[in-house]
Amino acid sequence: MGRISSLLSLGTLDGPGIRYVVFMQGCPLRCACCHNPETHDINGGQEYTADEIVEKVVKYKEYFGEDGGITLSGGEPLLQAEFATEIFKKAKENGINTCLDTSGCILNESVKELLKYTDYCMLDIKYSTDELYQKYVGCGIDTPLEFLRYLHQNKIPTRIRQVIVPTINDTKADTDALYELIKDFEIDKVELLPFKKICQTKYDSMGIEFPFGSIPSANAKSTKILQDNINSKLKEKIL
Ligand code: SF4
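Definitions and limits used
- Residues numbered from 1 in each chain as written.
- Predicted model: local features only at pLDDT ≥ 70, side-chain atom pairs only at ≥ 80, totals over all residues.
- Heavy atoms only, no water.
- Helix = DSSP H or I, 4+ residues; strand = E, 2+ residues; numbered from the N terminus.
- Buried < 20%, exposed > 50% of the residue type's maximum accessible area, 1.4 Å probe, protein only.
- Lys, Arg positive; Asp, Glu negative; His and termini not counted.
- Salt bridge = Lys/Arg side-chain N within 4 Å of Asp/Glu carboxyl O.
- Polar contact = N/O pair within 3.5 Å; in protein donor to acceptor, adjacent residues only side chain to side chain.
- Near = heavy atom within 4 Å.
- Nonpolar A, V, L, I, M, F, W, Y, C, P; charged D, E, K, R; others polar.
- Axes fitted to C-alpha atoms, helices over the stretch in contact; angles between N-to-C directions.
- Left-handed = near helix turned anticlockwise from the far one by under 90°.
- Contact = heavy atoms within 4.5 Å.
- Pairing = 2+ DSSP bridges.
- Patch = residues over 30% accessible without salt bridge, like charges linked within 9 Å, V, L, I, M, F, W, Y side chains within 5 Å.
- Areas by Shrake-Rupley, 256 points an atom, 1.4 Å probe, with all protein chains shown as cover.
- Phe/Tyr/Trp six-rings, centres within 6.5 Å; stacked < 30°, edge-to-face > 60°.

(A) Region of the structure containing the side chain of Arg19. Within the secondary structure, Arg19 sits in strand 2 (residues 19-24). Salt bridges are absent for the buried Arg19, whose nearest opposite-charge side chain, Asp119, sits at 6.5 Å. Looking at Arg19, its side chain comes within polar contact range of the side chain of Asn97, at 2.8 Å.

Quick look at the structure:
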């Protein structure tokens, strides 16, 4: 049994292709930009068995095409690594591609077992310095970077994601620093996402403060300029 926050049957933003997205309950971090505060409490959500989840996913198999499949997101799926492993094992037995959407904040033996059944990983490198991690995530930068190295060593195709937050990590120097952290690894792509505040209502209804509530949403055009900058660096690296 594991705890699930919500299920999304045909997601297009959570990994390659069309995907069945399982938002798992529980997260050890407290990112100031978090869009899913309802997933934080490990005792919340609803209990499911791995079989119940995979039965639901299999019904959508015909929509997945070549690239799609199941994505485990959250919350933080690594917090329920053994349950996540059961889901991925069973998904793969049914010929379904598996994608993990994670902060990379835990790397123990259970997580390494989960990664044996992971076809694709979307790894958040939330900031490019340990100082920003400590201040706005609640952990150090070392484990996510160690996680990235482990993905590379095990040849798991990886997408790096970072939310661009105005005044915090929205300069070219910030994106250059991100590039420096990831340049030695095999990366499928880097996705920079503009900080949005649509989650404010979730914080309000939960009666908790949105830590970045006073920061304006990021401008999509400025984020695109940063995205172009890092894309051209990655392209130069390949050439
Ligand atoms: S890791 Fe994800 S779910 Fe956890 S606090 Fe950060 S943004 Fe929210």
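(B) Expanded view of the site of the ligand. In the vicinity of the ligand, the contacting residues are Cys27, Leu29, Arg30, Cys31, Cys34, Thr39, His40, Gly75 and Lys126. Across the shell around the ligand, the residue classes tally to four nonpolar, three polar and two charged.

(C) Structural detail: the packing of helix 7 (residues 172-182) against helix 9 (residues 220-238). Axis separation between helix 7 and helix 9 bottoms out at 10 Å; the angle between their running directions is 35°. The interaxial crossing formed by helix 7 with helix 9 has right-handed handedness. From helix 7, Lys172, Thr175, Asp176, Leu178 and Tyr179 reach across to helix 9, where they touch Leu226, Asn229, Ile230, Lys233, Leu234 and Lys237.

(D) How the structure looks around the sheet that holds strand 1 (residues 2-11). Pairing within the open sheet is mixed, and its eight strands lie in the order 3-1-2-4-5-6-7-8. Of all the strands in the sheet, just strand 3 (46-48) and strand 8 (189-194) have a single pairing partner and so form its edges. Each adjacent strand pair in this sheet contributes to an overall mean axis angle of 30°, direction not counted. Relative to strand 6 (residues 120-124), strand 5 (residues 97-102) is paired through four bridges, and the arrangement is parallel. Along strand 6, the bridge assignment pairs Cys99 with Tyr120. On top of the sheet, helix 3 (residues 81-93) reaches strand 1, strand 2, strand 3, strand 4 (69-73) and strand 5; it is set at about 175° to strand 4, its chief contact. Sitting on the sheet, helix 6 (residues 142-153) is in contact with strand 5, strand 6 and strand 7 (158-164), with an inclination near 160° to strand 6.

(E) Geometry of the side chain of Gln162. Considering the arrangement of structural elements, one finds Gln162 in strand 7. The class of Gln162 is buried, set by a relative accessible area of 2%. Of the polar contacts made by the side chain of Gln162, one reaches the backbone oxygen of Ile125; its length is 2.7 Å. At 3.5 Å, the side chain of Gln162 forms a polar contact with the backbone oxygen of Lys126.

(F) Examining a nonpolar patch on the surface more closely. Together, Leu10, Ile18 and Tyr63 make up an exposed nonpolar region whose accessible area comes to about 260 Å². The topology assignment puts Ile18 in the loop between strand 1 and strand 2.

(G) Geometry of the packing of aromatic side chains. In total, this model carries eight aromatic pairs according to the counting rule given. For the pair Tyr127 and Tyr136, a centre-to-centre distance of 6.0 Å together with 50° between the ring planes defines the contact as tilted. Each member of the pair, Tyr127 as well as Tyr136, is classed as buried. Ring plane angle 45° and centroid distance 6.0 Å describe the contact between Phe195 and Phe210, whose orientation is recorded as tilted. Residue Phe195 is located in the loop between strand 8 and helix 8 (200-206), and its partner Phe210 is located in the loop between helix 8 and helix 9; the two are separated by 15 residues in the primary sequence. Site record: aromatic cluster; members linked through ring pairs are Tyr127, Tyr133, Tyr136, Phe195, Tyr203, Phe210 and Phe212.

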